[in-house]
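Residue-level listing of the chains:
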Amino acid sequence: ILRLPAALRSCPALRTALAVDSAFREGNAARLFRLLRTLPYLQSCAVQCHVGRARRGALARLARALSTPKGQTLPLGFMVHLLALDGPNEARDLCQAHGLPLDGQERVVFLRGRYTEEGLPPAGTCQILVGNKLGGRTLEDVAMAEEEDEAVDRPTTEV
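Enquirer: Which residues make up helix 6 (residues 88–97), and what values do they have?
Expert: An α-helical turn contains 3.6 residues, so any two residues separated by three or four positions project in the same direction. Turning to helix 6, its buried residues number three or more, namely Glu90, Ala91, Arg92, Leu94 and Cys95. The inward-facing, buried residues of helix 6 abut helix 4 (41–66), helix 5 (76–82), strand 2 (102–103) and strand 3 (107–110). With its phi angle positive at about 80 degrees, Gly99 sits one or two positions after the end of helix 6.

Here it is as structure tokens:
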């Protein structure tokens, strides 16, 4: 990256991509999902395959931090927001897939030794992170519009 021309390093798309990569590598779920919400449709599609792994990692860190013998609870609404889930049902499914019990329908309970990881992370629908970004447009419309936007933002390189 440091070898790239300064004009290219300052390109907004590259800076966003580097910020997303950094947040993912650092395990900073709050920053990662905040950035993912801002991505345009095509970039959202590109990172969609990594969302399940990022959510699983964030849930594992929450379990390590909050698990006690008696159990601490966290509202599902907070989980929905933090992990950019598509609603409480997806949050319930994610918690149950990882062995975390629910207190009623509104809170997840972090009990020591209950968090498990078996198989692949559950596939979420990613409606918030990807699907809603179409906004009623066709894929062709979205691709052409984003391509035009990139042409406007593309820095010129000196030969």
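Further notes follow.
Enquirer: Give me the packing of helix 2 (residues 12–26) against helix 3 (residues 29–38): which residues, what numbers.
Expert: Where helix 2 meets helix 3, the closest approach of the two axes is 8 Å, and the angle between their N-to-C directions is 150 degrees. By the angle class used here, helix 2 and helix 3 are roughly antiparallel. In the crossing of helix 2 with helix 3, the sense of the turn from one axis to the other is left-handed. Taken together, the residues of helix 3 that come into contact with helix 2 (itself represented by Ala19, Val20, Ser22, Ala23, Phe24 and Glu26) are Arg31, Leu32, Leu35 and Leu36. Tallied by class, residues from the contact of helix 2 with helix 3 come to 7 nonpolar, 1 polar and 2 charged.

Enquirer: Run through the sheet that holds strand 2, naming residues and quoting values.
Expert: Here we have 3 strands laid out as an open sheet, ordered 1-3-2, and antiparallel in their pairing. Either end of the sheet is taken by a strand with one partner, and the two such strands are strand 1 (72–75) and strand 2. Taken together, the 4 bridges between strand 1 and strand 3 define a ladder with antiparallel strand orientation. Along strand 3, the bridge assignment pairs Thr73 with Val109.

Enquirer: Mind laying out empty space enclosed by the protein, listing which residues take part and the relevant values?
Expert: Within this structure, the stated rule accounts for 1 cavity of 30 Å³ or more. Counted as a void, the largest cavity has a volume near 40 Å³. Together, Leu36, Leu39, Ser44, Val47, Gln48, Val51, Cys126, Leu129 and Val130 line the largest cavity. Looking at side-chain class alone, the lining of the largest cavity contains 7 nonpolar, 2 polar and no charged residues.

Enquirer: Could you give me a rundown of the nonpolar core, with the residues and numbers involved?
Expert: Core analysis: the biggest nonpolar cluster contains 36 residues, and Phe33, Leu36, Met79, Leu83, Val108 and Phe110 have the highest contact counts within it. Elements with a contribution of two residues or more to this core: helix 2, helix 3, helix 4, helix 5, helix 6 and strand 3. The greatest single-element share of this core, amounting to 8 residues, is contributed by helix 4. Apart from the residues within four sequence positions on either side, Val108 is in contact with Gln72, Thr73, Leu74, Leu76, Met79, Cys95, Leu100, Pro101 and Leu102.

Enquirer: Can you explain the packing of helix 3 against helix 4? Please cite residues and give values.
Expert: How two helices sit against one another is set out by the angle between their axes and by the gap between those axes. Contact pair helix 3 / helix 4: the axes reach a minimum separation of 11 Å and the direction vectors enclose 155 degrees. Comparing the axis directions of helix 3 and helix 4 gives the class roughly antiparallel. Between helix 3 and helix 4 the crossing geometry is left-handed. In this structure, helix 3 contributes Ala29, Leu32, Phe33 and Leu36 to the contact, and helix 4 contributes Ser44, Val47, Val51, Ala54, Arg55 and Ala58. Grouping the amino acids of the contact of helix 3 with helix 4 by side-chain chemistry returns 8 nonpolar, 1 polar and 1 charged.

Enquirer: Got a sec to walk through the confidence of the model for the chain? Specific residues and values, please.
Expert: Overall, the prediction assigns the chain a mean pLDDT of 81, with 86% of residues at 70 or greater. Mean pLDDT across the elements of the chain bottoms out in helix 7 (residues 139–153) (63) and peaks in helix 3 (91). Note that residues 151–159 has pLDDT below 50 and, in this model, 4 contacts with residues that lie over four places away or in other chains.

What counts and what doesn't
- Residues numbered from 1 in each chain as written.
- Predicted model: local features only at pLDDT ≥ 70, side-chain atom pairs only at ≥ 80, totals over all residues.
- Heavy atoms only, no water.
- Buried < 20%, exposed > 50% of the residue type's maximum accessible area, 1.4 Å probe, protein only.
- Helix = DSSP H or I, 4+ residues; strand = E, 2+ residues; numbered from the N terminus.
- Contact = heavy atoms within 4.5 Å.
- Axes fitted to C-alpha atoms, helices over the stretch in contact; angles between N-to-C directions.
- Parallel < 35°, antiparallel > 145°, perpendicular 65-115°, else oblique.
- Left-handed = near helix turned anticlockwise from the far one by under 90°.
- Nonpolar A, V, L, I, M, F, W, Y, C, P; charged D, E, K, R; others polar.
- Pairing = 2+ DSSP bridges.
- 1 Å grid on protein atoms, 1.4 Å probe; cavity = no way out; pocket = protein on both sides within 12 Å on 5 of 7 lines; lining within 4 Å.
- Points joined across faces, edges and corners; volume = space filled by probe spheres on them.
- Core = buried A, V, L, I, M, F, W, Y, C linked by side-chain atoms within 4.5 Å.
- pLDDT = per-residue confidence, 0-100.

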